[in-house]
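Chain residues, written in single-letter form:
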Amino acid sequence: MIPVIAIDGPSASGKGTVAERVARVLGFHYLDSGALYRVTALAARRAGLAPDAAGPLGELAAQLPVRFEGGDIYLSEQVVTDDIRTEDCSREASLVAAVPEVRAGLLVRQRAFRQAPGLVADGRDMGSVVFPDAALKVFLTASAAVRAERRYNQLMNKGIPANMQVLLRDIEARDARDASRAVAPLQQGNALLLDTTHLTIEQAVDQVLSWYAAARPPAS
Ligand code: CDP
């Protein structure tokens, strides 16, 4: 069985950075499942679909011409790596992610990332729905204030203007929506809690690696 490390958590918790680094250290593949919801939201906007048009959105998700290549994300032949990181796209992603047809449409595609020698997957429902048999499940979080600050720095580094108060409000609204939706809500479940409010990225990565070393069956 190809091992999976599932890292779920709320927005801007740093799980993407931690997941990517853990994957690099172990030589595993990496799935940024949030990017799939973001690309779906972008494609829906471009197709003029309303965020509650369940049927057409589900079809769009199932047939999404998305590709991850050389650190970039493509929608058809167009690079959308930066377009999907705007706050508008974050909000729209969380809206389309509440549509069951969209989640069903993206399921098979997410599971296809499970390839040898292993996968680190980050999102909201990696451990609960997509990879319930993951070797290690982590719920990575941080206080809302620290997450707003991290998102602010991330946007500033990309030259995208941002306002801390607005970011904090958006993060809290998105958390509430992700945690309260009927399908695949964000919850800790049986995952190990990793609160990174007072941790550096390196400390968070080390914690995940040592949990994984402890969880992994000894090589025979
Ligand atoms: O970067 P951030 O953590 O804010 O968001 P993301 O991981 O890129 O995910 C964007 C949105 O997609 C989230 O607000 C969730 O609503 C949704 N999502 C989801 O529902 N399930 C996942 N496995 C991943 C993301």
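None of the values given here were measured: they were computed from a predicted structure.

(A) Structural context of the overall build of the protein chain. Helix and strand counts for the protein chain come out as nine helices and eight strands. What you see for the protein chain is a C-alpha radius of gyration of 17 Å, in line with the 17 Å of a compact globule of 220 residues. Principal axes of the C-alpha set define a box for the protein chain whose edges measure 55 × 35 × 35 Å. Counting across all 220 residues of the protein chain, residues that qualify as buried make up 45%. When contacts within the protein chain are restricted to residue pairs at least 6 apart in sequence, long-range pairs at least 24 apart make up 75% of them. Across the protein chain, 24 positive and 25 negative side-chain charges occur, with their mean positions spaced 2 Å apart.

(B) Structural detail: the site of the ligand. Contacts to the ligand come from 20 residues, most closely from K15, R38, R103, D178 and R181. R151 places a polar side-chain atom, nitrogen or oxygen, 3.0 Å from an oxygen atom of the ligand. About the coverage of the ligand: the protein hides 96% of its 520 Å² of free accessible area. For the shell around the ligand, the secondary-structure elements that each account for two or more residues are α2 (33-46), α4 (87-96) and α8 (164-180). Per element, the largest residue contribution to the shell around the ligand is four residues, and it comes from α2.

(C) Seen up close, the sheet that holds strand β6 (residues 119-123). Spatially, the five strands line up as an open sheet ordered β2-β6-β1-β7-β8, and their pairing is parallel. Edge positions in the sheet fall to β2 (29-32) and β8 (192-195), since each has one partner strand and no second. Recorded for the sheet is a direction-independent mean angle of 20° between the axes of neighbouring strands. As defined by bridge partners, strand β1 (residues 4-8) adjoins strand β7 (residues 136-141) across four bridges and the pair is classed as parallel.

(D) Structural detail: the pattern of salt bridges. One pass over the full model with this rule turns up twelve salt bridges. A salt bridge links E77 to R67; the nearest nitrogen and oxygen atoms lie 3.2 Å apart. With a gap of ten residues between them, E77 in the loop between β4 (72-75) and β5 (78-79) and R67 in strand β3 (residues 66-69) connect regions that are remote in the sequence. Accessibility expressed as a relative area gives 68% for E77, which makes it exposed. In this structure, R103 engages D125 in a salt bridge whose closest nitrogen and oxygen atoms are separated by 2.9 Å. Taken as a pair, R103 in helix α5 (residues 100-111) and D125 in the loop between β6 and α6 (126-130) lie far apart in primary sequence, 22 residues in all.

(E) View of the packing of aromatic side chains. The tally for this structure, following the rule as stated, stands at two aromatic pairs. Their ring planes at 85° and their centres at 5.7 Å tell us that F68 and F113 sit as a pair that is edge-to-face. With F68 in strand β3 and F113 in the loop between α5 and β6, this pair connects stretches of sequence that are 45 residues apart. Exposure remark for F68: the relative accessible area of 34% places this residue in the partly exposed category. The residue whose ring lies beneath R67 is Y74, and the NZ or CZ to ring-centre distance is 4.5 Å.

Basis of the calculations
Residues numbered from 1 in each chain as written. Predicted model: local features only at pLDDT ≥ 70, side-chain atom pairs only at ≥ 80, totals over all residues. Heavy atoms only, no water. Helix = DSSP H or I, 4+ residues; strand = E, 2+ residues; numbered from the N terminus. Rg over C-alpha atoms; globule rule 2.2 N^0.38 Å. Buried < 20%, exposed > 50% of the residue type's maximum accessible area, 1.4 Å probe, protein only. Contact = heavy atoms within 4.5 Å. Lys, Arg positive; Asp, Glu negative; His and termini not counted. Charge placed at Lys NZ, Arg CZ, Asp CG, Glu CD. Near = heavy atom within 4 Å. Polar contact = N/O pair within 3.5 Å; in protein donor to acceptor, adjacent residues only side chain to side chain. Areas by Shrake-Rupley, 256 points an atom, 1.4 Å probe, with all protein chains shown as cover. Pairing = 2+ DSSP bridges. Axes fitted to C-alpha atoms, helices over the stretch in contact; angles between N-to-C directions. Salt bridge = Lys/Arg side-chain N within 4 Å of Asp/Glu carboxyl O. Phe/Tyr/Trp six-rings, centres within 6.5 Å; stacked < 30°, edge-to-face > 60°. Lys NZ or Arg CZ within 6 Å of the ring centre and 35° of its normal.

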